Amino acid sequence: MSQQEQVTLSIDGRTVRVPRGTSILEAARTVGISIPHYCYHPGLRAVGSCRMCLVEIEKMPKLQPSCAIAVSEGMAVRTESPEILRNRRAVLELLLLNHPLDCPVCDQAGECELQNYYMEHGAYDPRFNENKTKRKKVAPIGPHVMLDQERCILCTRCVRFTQEITRTGELGVIERGHRSEIDILPGIELNNPYSGNVVDICPVGALTDRDFRFQCRVWFLGRTPSVCPGCSRGCNIEIHYNERFNPRYHDKRVHRLKPRYNKDVNGFWMCDEGRYAYHAIDAPNRLTSPEMLQGETWRAVTWDDAVRETAAALRETIERHGVAAIAVLASPQMTNEELFRLRQLYRDHLRIGDIEYRVPNRAQVYSDDFLITADKNPNSRGAEVLGLAGRGTAAILEDCAAGRIRFLHVCHHDLERGYETERIRAALGRVDFVLFQGSWDHPTAQLAHVRLPTAVYAEKQGTFTNLNGRVQRIHAAVPPPGEALPDLEVLDAIAAALGLPAAPASASEVFIEMAKTVEPFAGMTYGTVGSSGQNLR
Ligand code: FES
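Now for a look at the structure at hand. Just so we're clear, the structure is a prediction, and the values are computed from it rather than from any experiment. (Residues numbered from 1 in each chain as written. Predicted model: local features only at pLDDT ≥ 70, side-chain atom pairs only at ≥ 80, totals over all residues. Heavy atoms only, no water.)

1. A look at the environment of Trp 298
Quick reminder of the rule: Secondary structure is summarised from DSSP: a helix means a run of H or I of at least four residues, a strand means a run of E of at least two, and numbering begins at the N terminus for each. Throughout, a contact is declared for two residues whenever any of their heavy atoms are within 4.5 Å. The term polar contact refers here to a pair of N or O atoms within 3.5 Å; inside protein, the definition further demands a hydrogen-donor-capable atom paired with an acceptor-capable atom, and it admits residues adjacent in sequence only when both atoms are side-chain atoms.
Inspection of the secondary structure puts Trp 298 in strand E15 (residues 297-300). Trp 298 sits 24 residues away from Gly 274 along the chain, and the two C-alpha atoms are 32 Å apart. Residue contacts for Trp 298: discarding those within four places in its chain leaves Glu 291, Met 292, Leu 293, Ala 445, Gln 446, Ala 448, His 449, Val 450 and Arg 451. Within the structure, Trp 298 has its side chain in polar contact with the side chain of Gln 446 (distance 3.2 Å).

2. With respect to the environment of Gly 387
Here Gly 387 is to be found in the loop between helix H9 (380-385) and helix H10 (393-401). Sequence separation between Gly 387 and Arg 213 is 174 residues, and the spatial gap between their C-alpha atoms is 44 Å.

3. With respect to the packing of aromatic side chains
Counted only if it meets this: Two rings from Phe, Tyr or Trp (for Trp, the six-membered ring) form a pair when their centres sit within 6.5 Å of each other. Planes less than 30 degrees apart are called stacked, planes more than 60 degrees apart edge-to-face, and all others tilted. Type-normalised accessible area, obtained with a 1.4 Å probe on protein chains alone, sets the label of each residue: buried when under 20%, exposed when over 50%, and partly exposed for intermediate values. A ring has a charge above it when a Lys NZ or an Arg CZ is no more than 6 Å from the ring centre and no more than 35 degrees off the ring normal.
Summed over all chains, the structure comprises nine aromatic pairs. On the numbers, 6.2 Å between centres and 85° between planes, the contact of Phe 511 with Phe 521 is edge-to-face. Of the two residues, Phe 511 sits in helix H14 (residues 507-517) while Phe 521 sits in the loop between H14 and helix H15 (526-529), which places them 10 residues apart along the sequence. Looking at Phe 511, the relative accessible area reads 1%, which means it is buried. Between the aromatic rings of Phe 511 and Tyr 526, the centroid separation amounts to 5.0 Å while the plane-to-plane angle is 45°, which identifies the pairing as tilted. Here Phe 511, found in helix H14, pairs with Tyr 526, found in helix H15; they are 15 residues apart in sequence, far enough to count as distant. As far as the burial class goes, Phe 511 and Tyr 526 line up, both buried. An aromatic cluster is defined as three or more aromatic residues linked by ring pairs; in this entry it consists of Phe 161, Tyr 261, Phe 268 and Trp 269. Residue placement shows Arg 286 over the ring face of Trp 440; its charged tip is 5.8 Å from the ring centre.

4. Considering the packing of helix H7 (residues 303-321) against helix H13 (residues 487-497)
To characterise two packed helices, one gives the angle between the axes of the helices and the distance between these axes. Here is the rule: Orientation is described by axes fitted as lines to C-alpha atoms, over the contacting stretch for helices, and by angles from 0 to 180 degrees between their N-to-C directions. Orientation is classified from the angle alone, with under 35 degrees giving roughly parallel, over 145 giving roughly antiparallel, 65 to 115 giving roughly perpendicular, and any other angle giving oblique. Crossings are sorted by hand: turned counterclockwise from the far helix by less than a right angle, the near helix makes the crossing left-handed, and turned clockwise it makes it right-handed. Think of it as three bins: nonpolar holds Ala, Val, Leu, Ile, Met, Phe, Trp, Tyr, Cys and Pro, charged holds Asp, Glu, Lys and Arg, and polar takes everything else, Gly as well.
Running from amino to carboxyl end, H7 crosses H13 at an angle of 60°, the nearest separation of the two axes being 9 Å. The angle between H7 and H13 falls in the class oblique. Where H7 crosses over H13, the two elements pack in a sense that is right-handed. Taken together, the residues of H13 that come into contact with H7 (itself represented by Trp 303, Val 307, Thr 310, Ala 311, Leu 314 and Arg 315) are Val 490, Ala 493, Ile 494 and Ala 497. Taken together, the residues that form the contact of H7 with H13 break down as eight nonpolar, one polar and one charged.

Right, dumping it as structure tokens:
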């Protein structure tokens, strides 16, 4: 019998049609009925242990776990009878026997399922007046996760995550009966590349994020859907940013990243490497104003001055040495729209063909067969599809060192990641004019003549194309710092200073233009890409 065969049943009197094999809990979700649950998580094996999701099924004498029972033809389910509500109250009363009432100081407050369900279904007249059991509190169990055993309700989601998803098995249920508790196994710590996910799936405050703890109350966080820029997988994420950010308090603007479900890319998960890379957004070495090198020092200038200087250098190079003396290092950190605009500016308008996006990475990088890829760029595929693979960065650097390249436009790259410092200095030192466009100050940015500060992924609109050719949207969660601008606007400013025809202003308009002229993007719009992406043709 095919998994896709449809089954019809009724839930609370509503007719529901779902594929055979679907659990009652998931079937109810399809018609907007949310059945309270703790141990169930759609990305993990159902174990039916917490008993919070019990429902009535016609012809069955007892309440049944909706998370663990699959729908069948003609089934009639009730989710809100007096007996069900009595069961939920009893489960909550049991779970709260030993759960500390430290909600005011608990990091999970505001997104705690114990709190939320208790508000809806709690007994409000607890009969338990013994002392609560004391267990381990504030116990770091790995580089990213803190355990509070008193708050744990033994749903075992975290244990199953380490068994089924990472297959590392660091966590287990220790002891039996009322002594049962979650802990790391002796002599090891929770230190796998995906450990932060256990915090996401913990329904209470037992597992908290050491990076996020006590940084910001969750109700002050705004949420913007985006895509992780940490590697070419393009995991779907939510950027949680501080809606009450005030620079006077030296606060962070972005407080955390959370995985966003996409069945075709990352499922429910993301890696720690991507999760904690958000610190770079507010790093002290962000470039925040256009700068020109004067003698040995950088001087902040206006955008007009910086762009005018750049355009004049470009024009002069073309007039005196021809377009062959100009090279461009595009970046796979840029969006499809920005790369398309870069291509339009240099290849279509100025007839400069020497564009390359690939710079090798000398560092040892981690990758695996789950989510993490060796390419630490979000848009290498987009750059490739846009035809920005050239003769290689090494060849361009050689020509720089030989004095054949007189104008070099470097987008984002820190070339020292790929080549020895001396080689970079010797090459860029011979170029008459090095333009650096990027977000952070680093050794390559230091070798430029003009630096143009740009927005990072969390500060702009656009799309990335992941390694499998899935085009996915990013959105601005916070504005760029200082005078930094999205790359698109920087390129438009350079084009305007050169007197080139005006181009579409917004990322969505550039995307439409790109879809008209670049075959793999044909027919796409931001609407068709939607929130979960669309594959290239
Ligand atoms: Fe169904 Fe726990 S969610 S028994």
